[in-house]
2 protein chains.
Amino acid sequence: MDIGGRLRAVREARSLSQRDLAGRAGLTGAAISLIEQNKSSPSVSSLKALLDAIPMTMSEFFSEVEEAGEPKYFYGSDEFVELSPQEVGLGVGASRVSLRQLGDAARHSLQVLHESYPPGADTGPDHLSHDGEEAGVVIEGIIEVTVADQVRVLNPGDGYLFDSRLPHRFRNIGESRCVIVSACTPPSF
Amino acid sequence: MDIGGRLRAVREARSLSQRDLAGRAGLTGAAISLIEQNKSSPSVSSLKALLDAIPMTMSEFFSEVEEAGEPKYFYGSDEFVELSPQEVGLGVGASRVSLRQLGDAARHSLQVLHESYPPGADTGPDHLSHDGEEAGVVIEGIIEVTVADQVRVLNPGDGYLFDSRLPHRFRNIGESRCVIVSACTPPSF
DNA sequence: GCTTTCCGTTAAATATATTTGACAGACTTG
DNA sequence: CAAGTCTGTCAAATATATTTAACGGAAAGC
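Residues numbered from 1 in each chain as written. Chains lettered and ligands numbered in written order. Predicted model: local features only at pLDDT ≥ 70, side-chain atom pairs only at ≥ 80, totals over all residues. Heavy atoms only, no water.

Counting its secondary structure elements, chain A contains five helices and ten strands. Every one of the 189 residues in chain A was classed for burial, and the buried ones make up 54%. Put simply, of all contacts in chain A between residues at least 6 apart along the chain, 61% involve residues at least 24 apart. Carbon and sulfur atoms make up 49% of the accessible area of chain A, which totals about 8,100 Å². (Helix = DSSP H or I, 4+ residues; strand = E, 2+ residues; numbered from the N terminus. Buried < 20%, exposed > 50% of the residue type's maximum accessible area, 1.4 Å probe, protein only. Contact = heavy atoms within 4.5 Å. Areas by Shrake-Rupley, 256 points an atom, 1.4 Å probe, with all protein chains shown as cover.)

Listed by partner, the interface residues are 67 residues for chain A and 66 residues for chain B. Each partner contributes to the roughly 5,500 Å² buried at the junction of chain A and chain B, and carbon and sulfur atoms together form 63% of this total. It is Y73, F74 and L161 of chain A in chain A that bury the most area against chain B; as a group they hold 16% of the surface buried on that side. At the boundary of chain A with chain B, the tally comes to zero salt bridges. (Buried area = accessible area lost by both parts, 1.4 Å probe. Salt bridge = Lys/Arg side-chain N within 4 Å of Asp/Glu carboxyl O.)

Next up on the list: the sheet that holds strand 6 (residues 143-147) of chain B. All names here are of chain B. Taken in spatial order, the three strands of this open sheet run 7-6-9, and their pairing is antiparallel. Taken across any chain shown, the strands that pair with only one partner, and hence form the sheet edges, are strand 7 (150-154) and strand 9 (168-171). Strand after strand, the sheet turns through a mean of 15° between neighbouring axes, direction not considered. (Pairing = 2+ DSSP bridges. Axes fitted to C-alpha atoms, helices over the stretch in contact; angles between N-to-C directions.)

Here we come to helix 1 (residues 3-13) of chain B. Residues and elements named next belong to chain B. Three or more residues of helix 1 are buried, namely I3, G4, R6, L7, V10 and R11. All buried residues of helix 1 project into a common sector of 165° when viewed along the axis, lining one side. Two residues or fewer past helix 1, S15 is found with a positive phi of approximately 55°. (Arc of directions from axis to C-beta.)

Around DNA strand C sit 23 residues, and of these T28 and S46 of chain A together with R19, Q37 and K39 of chain B come closest. For DNA strand C, the backbone makes up 67% of the atoms found within 4 Å of the protein, where backbone means sugar plus phosphate. S33 of chain B is positioned with one of its side-chain polar atoms (N or O) 3.0 Å from a phosphate oxygen of DNA strand C. No other element matches the four residues that helix 3 (residues 29-36) of chain A contributes to the surface near DNA strand C. The class makeup of the residues in the surface near DNA strand C is seven nonpolar, ten polar and six charged. (Near = heavy atom within 4 Å. Polar contact = N/O pair within 3.5 Å; in protein donor to acceptor, adjacent residues only side chain to side chain. Nonpolar A, V, L, I, M, F, W, Y, C, P; charged D, E, K, R; others polar.)

Side-chain pairs of opposite charge can arise whenever the charged atoms involved come near each other. Going through the model one piece at a time under the given rule, you end up with 13 salt bridges over all chains. The partner of D122 of chain A in a salt bridge is R169 of chain A, with the nearest N and O atoms 2.6 Å apart. Of this pair, D122 of chain A sits in the loop between strand 4 (111-117) and strand 5 (133-140) while R169 of chain A sits in strand 9 (residues 168-171), and the two are 47 residues apart along the sequence. Overall, D122 of chain A belongs to the buried group, its relative accessible area being 14%. Residues joined in a network through salt bridges with shared partners are R8, R11, E12 and E36 of chain B.

All names here are of chain A. Two elements in contact, helix 2 (residues 18-25) and helix 4 (residues 44-53), have axes whose closest approach is 8 Å; the angle formed by their N-to-C orientations is 105°. Considering the angle they form, helix 2 stands roughly perpendicular to helix 4. Counting all contacts with helix 2, which are made through L21, R24 and A25, the residues of helix 4 involved are A49, L50 and A53. Residue composition of the contact of helix 2 with helix 4, by class: five nonpolar, no polar and one charged. (Parallel < 35°, antiparallel > 145°, perpendicular 65-115°, else oblique.)

Close to DNA strand D lie 22 residues, the nearest being S17, Q37 and K39 of chain A together with T28 and S46 of chain B. A share of 69% of the atoms of DNA strand D within 4 Å of the protein falls on sugar and phosphate groups. With respect to DNA strand D, the side chain of S17 of chain A contributes an N or O atom lying 2.8 Å from a phosphate oxygen. At the level of elements, helix 1 (3-13), helix 2 and helix 3 of chain A together with helix 3 (29-36) of chain B are the ones that each hand at least two residues to the surface near DNA strand D. Looking at side-chain class alone, the surface near DNA strand D contains seven nonpolar, ten polar and five charged residues.

Okay, structure coming up:
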């Protein structure tokens, strides 16, 4: 994130000197100099003051910053983001469940997870529901899945597919870990 | 600009404690407490770290400041529908690729495939593109994936995620079969 | 009842952002 | 050329963000 370069670009695009902009924003030229060289990371309040003086909104500023760079298509297994069970609305019984998310779901309409359930793991009966659909394939181990009023034990190669608004629950009733690759749309915790 | 309130909202929406989020972002719970009370204005770099851990982009953050019987949820591995390669728009090189679809995609907004590529399999360079996004996780073997102008070899545990309108190609360059679980949205074949 | 653990908050210590004040280079004006 | 006035940068002083270490309250287990 080249905040400094971006600030310099928008300032120069308006033919303002560092001291000009500083005066309008209630800061000093030196501060802007350091920020533009990325020698200091401005506080949000300082950046807001600078953008108000331009004027430009924060989201405009960052949407241009964040659009820069190559799009990312590939993810090494070490780049998957580990989600905490609480984040997905799971209870304490799910404490040891590993949910590893492929990519940055907030930017996409598709969320894929690589999940691992240790023996005995249970997402609990009160799994929060949300819009969209979710589906998955069991890769390893066995798992008991409950959706609405239906229960079934899935083996490797089996899968599930349902509307996320239905209450659902996952329990590893086997003696070894259960690995699942799942997908949700739209991404919604 | 109620940065604190907004941060608290997105944090609580994910059921993360201040310390949880702090740990992932490399900060401390106390800092988040002060920020959420608007008693301190985080530096841009700190806020970026917090949002990366959520995950959420800066512009997203600021833009918000600113019956046919019983429904079927479960599918045994023998119930997956084998799609013919032509059906997916693949050429002759893909003749031995196995694409097994979970459920009836036409009725859902999510399509999940259990795919198997024998050694040497190649979807060809002219893979048809369509709307939506697609993503997947490699379960077994290795595969070379090309998306637009990027190429990468993926190993078990690695994944991909891209806009389906981009031209893409899969080639098994290993010596054993490659198994992938993939997801597309919306289903479009 | 009693721990134990997790939550959020706070005070003082430390790290960092920002200001003050000064410097050198570029351009104008006399 | 010299005196003015811009520009951007830097060093030291100051203000603020962040950490460390502690506190009280709420919930769970004994």
